[in-house]
Amino acid sequence: MIKHALELYGIAEDEFTAENYGGGLINNTWLITCKQQQYIFQKINKSIFTDPQLIDDNIHLIHDYLIKYRSGYRFIMPVSSLAGKTIIVYDNEYYRLFEFIPSKTY
């Protein structure tokens, strides 16, 4: 499942390792490690977030606002898929990918 969803971001099966990350109660989260980069990959819980596209739309609105009014503010946007989407649907489930920012960089 993870490997097929990550292919939509251009990450091939032989290019990454995945491990469960964190102890969240809502979404399933994995740390994806590639040769040069790490990511956070999430499967959005549709039982809690019944319209995951709205989450993504809100993230884009926040991003656009910050670019316009707070250009120096650090905001982590989801990574775009090969199709240019920041939320993907695979096997009727919703996923998103973020660059991993280690806590020591804050």
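Cut-offs used in this document
By convention here, each chain's residues receive numbers from 1 onward along its written sequence. Local features are withheld for residues below a pLDDT of 70 in this predicted model, meaning they are given only at 70 or higher, and side-chain atom pairs are given and counted only at 80 or more; totals for whole chains, interfaces and linings count all residues. Values reported for side chains reflect all heavy atoms of the structure, with hydrogen atoms and water molecules removed beforehand. Note on aromatic contacts: the rings of Phe and Tyr and the six-membered ring of Trp form a pair at centre separations within 6.5 Å, being stacked when their planes are under 30 degrees apart, edge-to-face when over 60 apart, and tilted otherwise. Only DSSP runs of H or I covering at least 4 residues are called helices, and only runs of E covering at least 2 are called strands; the numbering of each starts at the N terminus. Relative accessibility decides the category of a residue: with a 1.4 Å probe and only protein chains considered, values under 20% of the type maximum give buried, values over 50% give exposed, and everything between is partly exposed. Pairing between strands requires that DSSP locate at least two bridges from one strand to the other.

A.B. asks: Can you walk me through the packing of aromatic side chains in this structure?
C.D. replies: Summed over the entire model, instances satisfying the criterion amount to five aromatic pairs. Between Y21 and F100 the ring centres are 5.7 Å apart and the planes differ by 85°, which places this aromatic pair in the edge-to-face class. Placement of the pair is Y21 in the loop between β1 (17–20) and β2 (28–33) and F100 in the segment after β5 (93–99), with a sequence separation of 79 residues. According to the relative accessible area criterion, F100 is buried, its value standing at 17%. Their ring planes at 0° and their centres at 5.2 Å tell us that F41 and Y95 sit as a pair that is stacked. Linking F41 in strand β3 (residues 38–44) with Y95 in strand β5, this pair joins segments that are 54 residues apart in sequence. For the pair F41 and Y95, one class covers both residues: buried. Clustering of aromatic rings is evident, with ring pairs tying together Y9, W30, F41 and Y95.

A.B. asks: Would you mind showing me how to read the pairing of β2 here?
C.D. replies: Along any regular strand, the residues point their side chains to alternate faces of the sheet. Pairing between β1 and β2: four bridges, direction antiparallel. Paired with T17 across the strands is T33, a residue of β2. Relative to β3, β2 runs antiparallel, the two sharing six bridges. Bridging from a neighbouring strand, T29 pairs with Q42 of β3. Turn length for the β2-β3 hairpin, with the two strands adjacent in sequence and antiparallel, is four residues.

What is shown is where atoms sit, not what they do.
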